Amino acid sequence: MKTMKIHLSLATALIAGLAARGDLSLAKGRVSAVHSATLTYNNDGSLTMKSSSAEYASGFIMLPPSGETTFDLSAGRYLAADIESLATDHQQRICLQIKDSSSDTFASIGLNPREKATIRLQLPHDFIYAYPSSAKGVRTLDTRNITNISFHVVWPYEGQFNGLLNMKVSNVRLTGSPDFERQVSSAKYLPFVDKYGQFVHGTWKQKVTSDDELPADLAAERAALKAKPSAWDDYGGWKNGPQLTATGHFRTEKVNGKWWLVTPEGHLFYSLGINVIKIESDSPNGKSHPTWYESTAQTSMTFPTWNLQKKFGKTDFQSDYYDFILKRLDSWGINTIGNWSDGNLTKLSRKPYVLAAVARPSGLPYLDSGFYNSLDSTFRSKMIQAVADAFASQSSLTKAKTDPMCIGFFIDNELTFPSDSAYFEPYFEACRAAIKSAAPNKLYLGCRFKGLRNSDALWNAAAKYCDVISSNSYVPTVEVFNRGSYAAAPNNLDKPVLHTEFHFGTMQRGMFSGGLCPVGDQCARGRNYKRVVEGALNNSLFVGSHWFQYRDQPLVGRGDGENYQIGFVDVCDRTYPQLTEAARVMGETMYELRYGSAK
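Residues numbered from 1 in each chain as written. Predicted model: local features only at pLDDT ≥ 70, side-chain atom pairs only at ≥ 80, totals over all residues. Heavy atoms only, no water.

Novice: Help me out: how do you make sense of the overall build of the protein in this one?
Specialist: Helices and strands together make up the secondary structure of the protein, namely 13 helices and 23 strands. Its C-alpha atoms give the protein a radius of gyration of 25 Å, near enough to 25 Å, the size a compact globule of 599 residues would have. Seen through its C-alpha atoms, the protein measures out along the principal axes to roughly 70 × 60 × 50 Å. The buried share of the protein, taken over its 599 residues, is 61%. Expressed as a percentage of contacts within the protein between residues at least 6 apart in sequence, the contacts between residues at least 24 apart total 71%. (Helix = DSSP H or I, 4+ residues; strand = E, 2+ residues; numbered from the N terminus. Rg over C-alpha atoms; globule rule 2.2 N^0.38 Å. Buried < 20%, exposed > 50% of the residue type's maximum accessible area, 1.4 Å probe, protein only. Contact = heavy atoms within 4.5 Å.)

Novice: Sorry, what's going on with helix H10 (residues 424-438) here?
Specialist: Since the α-helix advances by 3.6 residues per turn, residues separated by three or four positions end up pointing in the same direction. If you check H10, its first and last C-alpha atoms are 22 Å apart, about what 15 residues at 1.5 Å a residue would give, namely 21 Å. Here the buried face of H10 lies against strand E17 (353-358), helix H8 (379-393), strand E18 (406-411), strand E19 (443-444), strand E20 (449-450) and helix H11 (456-465). (Expected span 1.5 Å × (residues − 1).)

Novice: Explain unusual backbone geometry here, please?
Specialist: In terms of backbone geometry, most residues other than glycine have negative phi values and most peptide bonds are trans. A cis amide bond, omega -5°, links Leu190 with the succeeding residue Pro191. Cis geometry marks the peptide bond from Phe548 to Gln549; its omega dihedral reads 15°. Position of Gln549 relative to the elements: it lies in the loop between strand E23 (542-547) and helix H13 (577-596). Backbone geometry at Asp412 places phi at a positive 80°, although glycine is not the residue there. With relative accessibility at 4%, the residue Asp412 sits in the buried group. Look at Glu414: it is not a glycine, yet its phi comes out positive at around 50°. With respect to the helices and strands, Glu414 occurs in the loop between E18 and H10. When its relative accessible area of 29% is taken as the criterion, Glu414 is described as partly exposed.

Novice: Explanation requested: H13 in the structure shown.
Specialist: Taking 1.5 Å of rise per residue, the 20 residues of H13 would be expected to cover 28 Å, and the 29 Å separating its terminal C-alpha atoms lies within 8% of that figure. At Thr589, H13 is bent by approximately 55°, the largest bend along its length. Looking at H13, one finds that the buried residues are Leu579, Thr580, Ala582, Ala583, Arg584, Met586, Gly587, Met590, Tyr591 and Arg594. Tucked into the core, H13 has its buried residues touching strand E13 (258-262), strand E14 (268-269), strand E15 (271-274), helix H6 (318-332), helix H12 (522-537) and E23. (Bend = angle between axes of the 7 residues up to and from the residue.)

Novice: Please clarify how the pattern of salt bridges should be interpreted in this entry.
Specialist: Side-chain pairing between opposite charges can occur once the charged atoms of the two side chains come close. Evaluated as defined, the whole model comprises 33 salt bridges. The partner of Glu253 in a salt bridge is Arg251, and the shortest N-O contact between them spans 2.8 Å. As a salt-bridge pair, Asp494 and Lys254 come within 2.7 Å of each other at their nearest N and O atoms. Of the two residues, Asp494 sits in the loop between strand E21 (469-472) and strand E22 (497-501) while Lys254 sits in strand E12 (residues 251-255), which places them 240 residues apart along the sequence. (Salt bridge = Lys/Arg side-chain N within 4 Å of Asp/Glu carboxyl O.)

Novice: So what exactly am I meant to see when it comes to the confidence of the model for the protein here?
Specialist: Detail in the predicted coordinates should be disregarded across regions flagged by low pLDDT. When the pLDDT values of the protein are averaged, the result is 94; 96% of them are 70 or greater. In this model, residues 1-20 is a region of pLDDT below 50 whose contacts with residues beyond four sequence positions or in other chains number 40 contacts. (pLDDT = per-residue confidence, 0-100.)

Novice: For this particular structure, what's the right way to read the packing of aromatic side chains?
Specialist: Any aromatic ring pair is given by two values, namely how distant the centres are and how the planes are angled relative to each other. As enumerated under the stated definition, the model contains 50 aromatic pairs in all. Consider the rings of Phe317 and Tyr321, whose centres lie 6.5 Å apart with planes at 65°: the pair is edge-to-face. Here the aromatic rings of Trp547 and Phe568 are separated by 5.6 Å at their centres, their planes lie at 85°, and the arrangement is edge-to-face. Placement of Trp547 in strand E23 and of Phe568 in the loop between E23 and H13 is noted, with a sequence separation of 21 residues between them. You'll find Trp547 and Phe568 in the same group, each marked buried. Cluster of aromatic residues (ring-pair linked, three or more members): Tyr366, Phe371, Tyr372, Phe379, Phe417, Phe424, Tyr427, Phe428, Phe449, Trp459, Phe481 and Phe542. A cation over an aromatic ring shows up here: Arg120 above the ring of Tyr78, its NZ or CZ 4.0 Å from the ring centre. (Phe/Tyr/Trp six-rings, centres within 6.5 Å; stacked < 30°, edge-to-face > 60°. Lys NZ or Arg CZ within 6 Å of the ring centre and 35° of its normal.)

Novice: Hey, could you run me through the side chain of Arg182 in this one?
Specialist: Its location among the elements puts Arg182 in the loop between strand E11 (165-175) and helix H3 (186-189). For the buried Arg182, no salt bridge exists, and the shortest N-O distance to an oppositely charged side chain is 5.6 Å, to Asp179. Each residue touching Arg182, except ones within four places of it in the same chain, is listed here: Ile128, Tyr129, Val138, Phe199, His201 and Phe512. (Lys, Arg positive; Asp, Glu negative; His and termini not counted.)

Novice: Please explain the pairing of E18 as it appears in this structure.
Specialist: Along any regular strand the residues' side chains alternate between the sheet's two faces. Taken across its six residues, E18 has six buried, putting it largely inside the fold. Pairing of E17 with E18, which is carried by five bridges, proceeds in the parallel orientation. Pairing of Tyr353 across the sheet is with Cys406, part of E18. With two bridges connecting them, E18 and E19 associate as parallel partners. If you follow Phe409 over to E19, its bridge partner there is Tyr444. (Pairing = 2+ DSSP bridges.)

Novice: For this particular structure, what's the right way to read the pairing of strand E6 (residues 78-85)?
Specialist: Burial of E6 is extensive: seven of the eight residues sit out of reach of the surface. Bridging between E6 and strand E9 (residues 116-122) involves seven bridges; their strand directions are antiparallel. Paired with Tyr78 across the bridge in E9 is Gln122. Sheet topology places E6 next to E11; seven bridges connect them, and they run antiparallel. Counterpart to Ile83 in the pairing with E11 is Val169.

Novice: Looking at this structure, I do not really get the packing of H10 against H11. What am I missing?
Specialist: When two helices pack together, their arrangement is captured by the angle between the axes and the distance separating the axes. Contact geometry of H10 with H11 gives a least axis separation of 9 Å together with a crossing angle of 25°. Overall, the two elements H10 and H11 adopt an arrangement that is roughly parallel. Where H10 crosses over H11, the handedness of that crossing is right-handed. For the pair formed by H10 and H11, the contact residues are Phe424, Glu425, Phe428, Glu429 and Arg432 on the first element and Ala457, Leu458, Ala461, Ala462, Lys464 and Tyr465 on the second. Residues belonging to the contact of H10 with H11 are distributed by class as follows: seven nonpolar, no polar and four charged. (Axes fitted to C-alpha atoms, helices over the stretch in contact; angles between N-to-C directions. Parallel < 35°, antiparallel > 145°, perpendicular 65-115°, else oblique. Left-handed = near helix turned anticlockwise from the far one by under 90°. Nonpolar A, V, L, I, M, F, W, Y, C, P; charged D, E, K, R; others polar.)

Novice: So what exactly am I meant to see when it comes to the sheet that holds E13 here?
Specialist: Sheets are built from strands paired through backbone hydrogen bonds, the pairs being either parallel or antiparallel. Across the sheet, which stays open at both edges, the three strands sit in the order E12-E13-E14 with antiparallel pairing between neighbours. Two strands close off the open sheet at either side, each with one partner strand: E12 and E14. Inspection of the sheet shows E12 paired to E13 by five bridges, in the antiparallel sense. The residue bridging Val255 from the neighbouring strand is Lys258, located in E13. Its contacts with the sheet place H13 against E12, E13 and E14, and it is angled at close to 145° to E13.

What follows is the structure in structure tokens.
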């Protein structure tokens, strides 16, 4: 890819007169420290940033050239910079963020100790990606008038400690040329979804253009699939590791200072999972916006199902596809079917899985804030009954009660807890009682916290009653989440933790958003996947890492508008090889890495 220094490239940019506004020097006087960060200006033009705090926006802001109020980034496809970790004993994370007068976007990166890497942010130019107000598209910025460029931390969870942030930033630059081929006039934008569910106005190597390509995909991928990693037992546990007590069900145990899941056969198990493994999810209502689609609008635009029917050459393809998925997971180094996956897949009992028992069931007492009134005298019995009813009525839960492949159950997801901690213990105690009453040999996996930053009281209440505490956290590393003073979790927390959601996405393959943790390209997705899992393996509390989700979200968005490119496969069931290969590497190496290291 063509690379150009920004202050040179803008001499021939779209608006040559704004060349001075493109200068991205890191020289003294051109940056401003944020949140007690200290900056050192190096002779080679790089900048060293140090901070003991990872509070939101800890880092630095770049300042526009003298006499100007904005930057002009209109001449490139990406804004990039080289990052070097100067830490020797822990991972670090940083994001590159830009803002215009009304919106922002960012890209994230995680770094191993002493690692050098390049962070790239795809520029959402308003003069290229604009779309009619009646349609959907990329959230754009006025890249000719960027008010803020910063390198900083987002979604803090770490405590303070010396050297928490210690990195060098250099060579801030534009790379590539704007993607003018992607420009579409408003008059020609509709329809923008083709018959496969892909973006009409774009070309990319993996785009499906004819039905014949789909069965050819199946044949080619079947021939290329690998067997599961050789070190795994039948559950995906470490058959070459220590032999522990076999109980016939999954359990937890602390071994050599590290928490582990343990397979029914007594082998150490680290859970690498993918959420929402389904044939179909979040299908949009085509009749709400019929002009969006090339194909005839239907109440449910089930593009994945239609594509898989063509791929397998029949309408009753489900059992064939489940078998194919299970072989895929083995080949990708994934040993767990994550939450919100198809119950017909988990009932096959061919791979370990987790399930949601209930989530905010009706008929229980609630506070005005929306949280349960767990102090109500009826709360405990009603929660137990709600879970019992779910196990009796849902065949996947009924099967899982005694299925050795079932790891355990969640109750709820991303709750907003009240400020009054008196509600915490009654909530977790009732949930534990409900799970143990319905499935006494299975693990209670908690409520999937929204992020890793919670009060000590909440962590301690969860630790008292959960077999495993679960948390959804979209960050490029989780290695030091319980390290340092004022950490997001108590320093003495001694309970296994399951990282139940993370992802990285892009605006590639015609998609409109990179999700909650965007990165520049597919290679960065694979690289950051490895850094997250490596960091979790290095932390003595984590027992698993689950990616959200199996397939990209619909181009036009699910019910709440999310339309993220975050899948292991796209809408046409074509894989993202850089991600699957990264997952395979971690599946093959995770046991040796974790057994030999922890912090």
